[in-house]
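# Analysis of the macromolecular model
Letter by letter, the chains look like this.
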Amino acid sequence: MSNDPAETFRQEARELLEQLEQGLLDLEHNPADDDLVNAVFRALHTIKGSGAMFGFTDVASFVHEFETAFDKVRKGLSPITPELIAVALDAKDHVHALIEAPDSADGAGEPILAALRGIVEGDSFPDAPMIDPAPAAGVPLEPTGRWRIRFRLPADALVHGTNPMLLLGEIADLGPCEVTALVDAVPGLDVIDPESCLIGWQVDLTHADPVAALDDVFLFLKDGMELSIEPLAIATMSEPELPPAAEAILDILAEEVEALAVVADVPAPKAAKPSKEPREATVAKSETASTSMRVPAERLDELMDKVGELVIAQARLSQLAALSADGNLKTVAEELERLSSGLRDTTMGIRMVPIGTIFSRFRRLVHDLSRELDKEIEFITTGEETELDKTMIERLADPLVHLIRNSVDHGLESAEQRIKAGKSAKGTVRISAVYAGAEVAISVTDDGAGLNAARIRAKAEEQGLITPETRIADQDLYYMIFAPGFSTAKEVTSLSGRGVGMDVVKRTIDGLRGKIELTTRPGEGTTFTLRLPLTLAIVEGMLIRVGNGRYSIPLSAVEECVELPASVATHSRGRNFLDIRGSLVPFLRLRDLFNTPGEPDAHQKVVIISSGEGRAGLVVDQIIGNNQTVIKQLSHLHSGIETFSGATILGDGAVALILDTSRLVSYGQAYEEKFRNESGRAAA
Amino acid sequence: MTKTILTIDDSASIRQMVAMTLKGAGLNVLEAGNGLEGYNTATTQTVHAVVTDLNMPVMNGLEFLKKFRQHPAGKGIPVILLTTESDEELKRQARESGATGWIVKPFKQDQLLAVIKKVTGA
């Protein structure tokens, strides 16, 4: 956490503003939800309070007005309308600007406030004082005098945390004084309520202005207590206040008071006789309050790096232990393996963030787009709780924004067109996230017109991507929208259609080792699906060997391993299919794919892998076992290699390449399709 | 003995500011993000005073105060409320719920320390 509270405030304000925006957007749909109204109000209140504390006075005063306006809504004096929400969102943006770049936000606030006031019935809001008015100055008095002060505290003062000894101490600090306890209201010990403050005090004090001074002393008590201040004649000063018998009682009571004052220091049970039960017993029983803390993201990255290195070192140790006959070493190595895999999981868990954190931003985006383009849109999100690596989520925000813009701007038709096409006037954009094996699939779906193949074709020809003679399947044609500089929008709008975008989306997703897929049906809509690995750092891998090379396959993609039947191994050069419990699975010989020299092992194995789109078998020489694969990116020079997604360092220091399973599956699928086409043609 | 002060606020920045100020004065500080967390802390650990915000999710400051005062550990412990408003009605409510004192936001660090010294003697 930052040591600068102002920075903490900024960070906190950002979160609160996000909550605020969320609340406002929700309110638009559920205007009657009091909890939402209160949540909005509370967010405003906290920003105001903290803003004022840390010198963000512009923020505080603006939010104060904002809050005052919203108070009318809270009290039910002003209805929640789309206009109100729109202005409130503008106000929220202004607060954001004030916090991030106060200089640039100058002067923008007043029109927003005016609009806000206009909506909540055109009232003007007088500034409520933000600071406690100074206590009234005391009546002018003679320079220094002797005063008799008598006071009685409210009966519950002791329970409420007031310690009379401290008050007397404060008075004593004001000047020379004599304190006398007034015990007339103290009943017999048999009926005394030990929690009540029954003693009064009389203090003879020398001071210039006791009224003002005592105002400070009794700052928190003055409304509920009895207090009298009278000037004292010199003659009364030495007058004996109480008979000697009372003095004795007073001593006892003073002890009593002392004991009560101790209550303020160490919590004791209610009974007059303090219970001797140890407090530790309660400590053990109660549950720990859940707390969370902020940690800079770089520190998490650092932690992940170190865990990665630890995992590699541990793998090395395990390998040494496996070769050694030393039982102790083996035990330690196993223990360390268990710990480091636990540490890895925990570390990765720390970095996982629910994707809902970015979904909420999109609601604002859709809201704004809807107004700007005058299209009525229902925005539905599902799977907010799906967790992804934090780095990944941050990098996904921009591509998703682009996809949503695209869906709203190009995908959804205007209301008239929709009605003409027999659809509801209100378009739907849906964003969803689900786990799919080792991947997370995030889809952006609209129920718009679908992609226009003819227009894409025309544009692709114009761009020189294909020639008019090129024969191309519609599906492949659609993917041309990801080509750099490609845009079919008839006119460029401020939102999308500048032709920068889809290619950037694709590049970003590629960079995250993800894939982008699209399906579209004319008249029914388009779905873009992003498939992303859960994490970028470490995966559980299956180590295999082909020839002399070792490779790692992400274990989550592995379905099963089978022996390559001898008949298939030798004969079926042309027909690479395996019968896996009744279904045919295409397989790839990694030896052939990687041009591995030498003879294959006698008993080859097939690792069946799957991705979202299907299954494929990989023929390998040997399955070595599981290992924790710390993913290292390939250099730029090697980034064009399709079948590998990265590299890892093995326990013995050797490098193993990590297989890109989804790419290999699509190779398998392509092979299957080709085979089908060929056999189809042969049959014809 | 070093006194321990519990600060309850849903605003991390205010909590941090209160904590820094009090720690700077040599006090121990415990933190809680809402009234319920605060209640759990204050009733299970030794706390010599509480500085709490009013407007918080889950359990607000006044609810905390009422509940805390009913617990044996909550009797006699000074509780200072942080408020944005300075209106009398609120102060009356605060007093009735068992507040020892209050500080109106925005406040300066010295003010906070002065009030803490006033109610705890520390």
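About the cut-offs
- Residues numbered from 1 in each chain as written.
- Chains lettered and ligands numbered in written order.
- Predicted model: local features only at pLDDT ≥ 70, side-chain atom pairs only at ≥ 80, totals over all residues.
- pLDDT = per-residue confidence, 0-100.
- Contact = placed C-beta atoms within 7 Å.
- Helix = DSSP H or I, 4+ residues; strand = E, 2+ residues; numbered from the N terminus.
- Buried ≥ 20, exposed ≤ 12 C-beta atoms within 10 Å, placed from the backbone.
- Nonpolar A, V, L, I, M, F, W, Y, C, P; charged D, E, K, R; others polar.
- Pairing = 2+ DSSP bridges.
- Axes fitted to C-alpha atoms, helices over the stretch in contact; angles between N-to-C directions.
- Left-handed = near helix turned anticlockwise from the far one by under 90°.
- Expected span 1.5 Å × (residues − 1).

## Some words on the confidence of the model for chain A
Residue and element names in this part refer to chain A. Here chain A shows a mean pLDDT of 77. Residues at 70 or above account for 82%. Under a pLDDT of 50 for its full length, residues 235-240 has, in the predicted model, 3 contacts with residues more than four places off or in other chains. Counting contacts from residues 261-290, a segment whose pLDDT is below 50, to residues more than four positions away or on other chains yields 35 contacts.

## Side note on the environment of Ile 199 of chain A
All names here are of chain A. Mapped onto the elements of the fold, Ile 199 is located in the loop between strand 2 (177-182) and strand 3 (200-207). Residue classification places Ile 199 among the buried positions, given that 20 C-beta atoms sit within 10 Å. Considering only alpha carbons, one finds Ile 199 and Asp 184, 15 residues apart in sequence, at a separation of 7.7 Å.

## Details of the interface of chain A and chain B
Many authors give the size of an interface as the accessible area that is lost as the parts come together. Each side of the interface is counted separately: chain A has 39 residues, and chain B has 41 residues. Taken together, the elements giving at least two residues each to the side of chain A that touches chain B come down to helix 1 (5-29), helix 2 (34-53), helix 8 (244-265) and helix 9 (280-285) of chain A. Take the side of chain A that touches chain B: its biggest share by element is 8 residues, from helix 2 of chain A. Looking at the side of chain A that touches chain B residue by residue, the classes come out as 18 nonpolar, 13 polar and 8 charged.

## Remarks on unusual backbone geometry
All names here are of chain A. Even without being glycine, Arg 581 reaches a positive phi, approximately 45 degrees. Mapped onto the elements of the fold, Arg 581 is located in the loop between strand 15 (577-580) and strand 16 (583-589). A count of 7 C-beta atoms within 10 Å places Arg 581 in the exposed class. Residues other than glycine seldom take positive phi values, yet Asn 595 does so here, at roughly 50 degrees. Mapped onto the secondary structure, Asn 595 falls in the loop between helix 19 (590-593) and strand 17 (605-611).

## Quick look at the pairing of strand 8 (residues 427-436) of chain A
Residues and elements named next belong to chain A. Note that strand 6 (residues 377-382) and strand 8 share 6 bridges and pair parallel. By the bridge assignment for strand 8, Ile 377 is matched with Gly 427. Both strand 8 and strand 9 (residues 439-446) contribute to a ladder of 8 bridges, which runs antiparallel. In the sheet register, Tyr 435 faces strand 9, and the bridge partner there is Val 440.

## Some points on the sheet that holds strand 1 (residues 145-152) of chain A
Residue and element names in this part refer to chain A. Taken in spatial order, the 4 strands make up an open sheet running 2-3-1-4, and their pairing is antiparallel. With one partner strand each, in any of the chains shown, strand 2 and strand 4 (226-231) form the two edges of the open sheet. Neighbouring strand axes in the sheet, compared pairwise and without regard to direction, differ in orientation by 15 degrees on average. Judged from the 8 bridges that link them, strand 1 and strand 3 form a sheet pairing that is antiparallel. Looking across to strand 3, one finds that Phe 151 is bridged to Trp 201.

## A short note on helix 2 (residues 35-42) of chain B
Residues and elements named next belong to chain B. Across the 8 residues of helix 2, 7 count as buried, placing the element largely inside the fold. Taken together, the buried positions of helix 2 are Gly 35, Leu 36, Glu 37, Gly 38, Tyr 39, Thr 41 and Ala 42. If you follow the buried residues of helix 2, they end up packed against strand 1 (4-8), strand 2 (28-32), strand 3 (49-53) and helix 3 (61-70).

## Here we look at the packing of helix 1 (residues 12-24) of chain B against helix 5 (residues 109-120) of chain B
Residue and element names in this part refer to chain B. The interhelical angle for the contact between helix 1 and helix 5, taken along N-to-C directions, is 65 degrees, at an axis separation of 10 Å. Along this stretch, helix 1 crosses helix 5, giving a crossing that reads as right-handed. In contact with Val 18, Thr 21 and Leu 22 of helix 1, helix 5 contributes Gln 109, Leu 112, Leu 113 and Ile 116. Taken together, the residues that form the contact of helix 1 with helix 5 break down as 5 nonpolar, 2 polar and no charged.

## Quick look at helix 1 of chain B
Over its 13 residues, helix 1 of chain B runs 18 Å from end to end, which matches the ideal 18 Å to within 8%, given 1.5 Å per residue. Within helix 1 of chain B, 10 of the 13 residues are buried, leaving the element largely enclosed by the surrounding structure. Buried residues of helix 1 of chain B: Ala 12, Ser 13, Ile 14, Arg 15, Gln 16, Met 17, Val 18, Ala 19, Thr 21 and Leu 22 of chain B, and no others. Contacts from the buried residues of helix 1 of chain B go to helix 1 and helix 2 of chain A together with strand 1, strand 2, strand 3 and helix 5 of chain B. Phi turns positive one or two residues past the end of helix 1 of chain B, at Gly 26 of chain B, with a value near 85 degrees.

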